[in-house]
Amino acid sequence: MSKFTAEEIVDINNKFKTPEEVLKWGLDNLHPKLALASSFGAEDVVVIDMLLKLNPKARIFSLDTGRLNQETYDVMDEIRKKYNTDIEITFPDAHEVIEMVQVNGMNLFYDSPENRKLCCGIRKVHPLNKMLGTLDGWITGLRSDQTQNRGNTIKIEIDEQHNSMIKLNPIIDWTWEQTWDYIKANNIPYNKLHDKGFPSIGCEPCTRAVKPGEDLRAGRWWWENDSEKECGLHMDHKK
Ligand code: SF4
């Protein structure tokens, strides 16, 4: 439960404008019970750079679903070495995964939206919830133009989906171009799948490159046309 009221959060949002100001407020008030959830996409490596420049001991965690791309493991190691930082890795519960694949198969996500959400639940959402249960606040690399859902997200919010803890979205108002300008200007390691047409990177079997002009998240669960392209990690509490 957040120690800040909704009114205080509105005031804080009005006070801090830059991503670094938002992160510094989080570190001053919540560290070490504050951590960045990183999947090592372009936005996340930007926030990692900002965060570790403010405090080299700031915490970063990542959900290893067991189905990630080799390029994602590569950038994790590059980040770890460049910043001399630990990355806290979570894994899904082995019993849950075994039961799921024995009943539904290894590639169940292609069979139906329900099966895809089951897999995301077991491999991503449950480990995330377990980690968040140990924290008072978390940080994301969300940007508002990634999906319709994220358009209502603000920089500092009370996360009603997760026990009303604090959620910081420091680059929520950044563009894709700003993100890449920062990566280049600061020489930050990034996931090489971005050079192969992957703007949004998730698990290997569920992500493909996008064609010029396609939506940035069109490559996620590309076989699903109608379902909401979110995995349950970031739900819009206003909907
Ligand atoms: S993105 Fe695909 S493989 Fe990864 S957890 Fe979700 S359904 Fe499973």
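Along each chain, numbering runs from 1 in the same order as the chain's sequence is written. With the structure being a predicted model, the display of local features is reserved for residues of pLDDT at least 70 and the display and counting of side-chain atom pairs for 80 or more, all residues being used for whole-chain, interface and lining totals. Side-chain figures throughout are based on the complete set of non-hydrogen atoms in the structure, without hydrogens or water.

Engineer: Would you explain the side chain of R220 in this entry?
Structural biologist: Mapped onto the fold, R220 is located in the segment after α7 (176-185). For each residue, the accessible area found with a 1.4 Å probe, counting protein chains only, is set against the maximum for its type, and the residue is called buried under 20%, exposed over 50%, and partly exposed in between. Given the relative accessible area of 6%, R220 is considered buried. Only runs of H or I of at least four residues qualify as helices and only runs of E of at least two qualify as strands under DSSP, and these elements are numbered from the N terminus.

Engineer: How should the site of the ligand be read in this particular structure?
Structural biologist: Any residue with a heavy atom positioned within 4 Å of a molecule or strand is treated as near that molecule or strand. Taken together, F109, R116, C119, C120, R123, K124, C203, C206 and W221 are the residues near the ligand. A breakdown of the residues in the shell around the ligand according to their chemical character gives 6 nonpolar, no polar and 3 charged. In the scheme used here, Gly and all other residues not listed as nonpolar or charged are polar, with Ala, Val, Leu, Ile, Met, Phe, Trp, Tyr, Cys and Pro taken as nonpolar and Asp, Glu, Lys and Arg as charged.

Engineer: Looking at this structure, how should I read the sheet that holds strand β6 (residues 165-168)?
Structural biologist: Sheet strands associate in pairs through backbone hydrogen bonding, adopting either a parallel or an antiparallel arrangement. One open sheet accounts for 6 strands, arranged β3-β2-β1-β4-β6-β5; its pairing is mixed. The outermost strands of the open sheet, each flanked by one partner alone, are β3 (88-90) and β5 (156-159). Each adjacent strand pair in this sheet contributes to an overall mean axis angle of 30°, direction not counted. Across the face of the sheet, helix α3 (residues 42-54) comes into contact with β1 (34-37), β2 (59-63) and β4 (137-139) while running at roughly 150° to β1. Two strands are counted as paired when DSSP detects at least two bridges linking them. Throughout, an axis means a line fitted to C-alpha atoms (over the contacting stretch in the case of helices), and angles, computed between N-to-C directions, take values from 0 to 180 degrees. Here, two residues are considered to be in contact whenever any of their heavy atoms come within 4.5 Å of each other.

Engineer: Honestly, the nonpolar core in this entry has me stumped. Any pointers?
Structural biologist: As a rule of thumb, nonpolar side chains are buried together in soluble globular proteins. Joining through side-chain atoms within 4.5 Å is the link that ties buried Ala, Val, Leu, Ile, Met, Phe, Trp, Tyr and Cys residues into a set, and such a set is a nonpolar core. In terms of nonpolar packing, the biggest core is built from 42 residues, with I79, I156 and I166 touching the most fellow members. Taken together, the elements giving at least two residues each to this core come down to α1 (6-15), α2 (19-30), β1, α3, α4 (70-83), β5, β6 and α7. The dominant element in this core, judged by the number of residues it contributes, is α3, at 8 residues. Those residues within four positions of I166 in sequence are excluded, and the remaining contacts are S2, F4, I9, W25, L30, D136, G137, W138, I156, E157 and I158. Formed by 12 residues, the second largest nonpolar core is a distinct cluster that contains A37, V125, W138 and M165.

Engineer: I would appreciate a short explanation of the packing of α3 against α7 in the present structure.
Structural biologist: Describing two packed helices takes the angle between their axes plus the distance from one axis to the other. Across the interface, α3 lies against α7 with an axial gap of 9 Å and an inter-helix angle of 50°. On the basis of their axis angle, the class for α3 and α7 is oblique. Judged by the sense of rotation from one axis to the other, the crossing of α3 with α7 is left-handed. Contacts between α3 and α7 pair A42, E43, V45, V46, D49, M50 and K53 from the former with W176, T179, W180, Y182 and I183 from the latter. Within the contact of α3 with α7, the residues separate by chemical class into 8 nonpolar, 1 polar and 3 charged. By definition in this entry, angles of less than 35 degrees are roughly parallel, angles greater than 145 are roughly antiparallel, angles of 65 to 115 are roughly perpendicular, and the rest are oblique. Put simply, a crossing is left-handed when the front helix is turned counterclockwise from the back one by less than a right angle, and right-handed when it is turned clockwise.

Engineer: Before we go on, may I ask you to explain the packing of aromatic side chains in this structure?
Structural biologist: Two aromatic rings are characterised by how far apart their centres lie and by the angle between their planes. For this analysis, a ring pair means two rings from Phe, Tyr or Trp (six-membered ring only for Trp) whose centres lie within 6.5 Å, classed as stacked if their planes differ by under 30 degrees, edge-to-face if by over 60, and tilted for the remaining angles. Here the structure, examined in full by the defined rule, presents 8 aromatic pairs. Their ring planes at 80° and their centres at 5.8 Å tell us that W176 and W180 sit as a pair that is edge-to-face. Of this pair, W176 and W180 both sit in helix α7, 4 residues apart, which is roughly one turn of the helix. When its relative accessible area of 13% is taken as the criterion, W180 is described as buried. Geometrically, the ring pair formed by W180 and Y190 is edge-to-face, given 5.0 Å between the ring centres and 85° between the ring planes. One end of the pair, W180, is in helix α7; the other, Y190, is in the segment after α7, and 10 residues separate them in sequence. Connected via pairs of aromatic rings, a cluster forms that spans F109, Y110, W222 and W223. Counting as a charge over the ring demands two things of the Lys NZ or Arg CZ atom: a distance within 6 Å of the ring centre and an angle within 35 degrees of the ring normal. One cation-aromatic arrangement involves R116 over W221; the distance from NZ or CZ to the ring centre is 4.0 Å.

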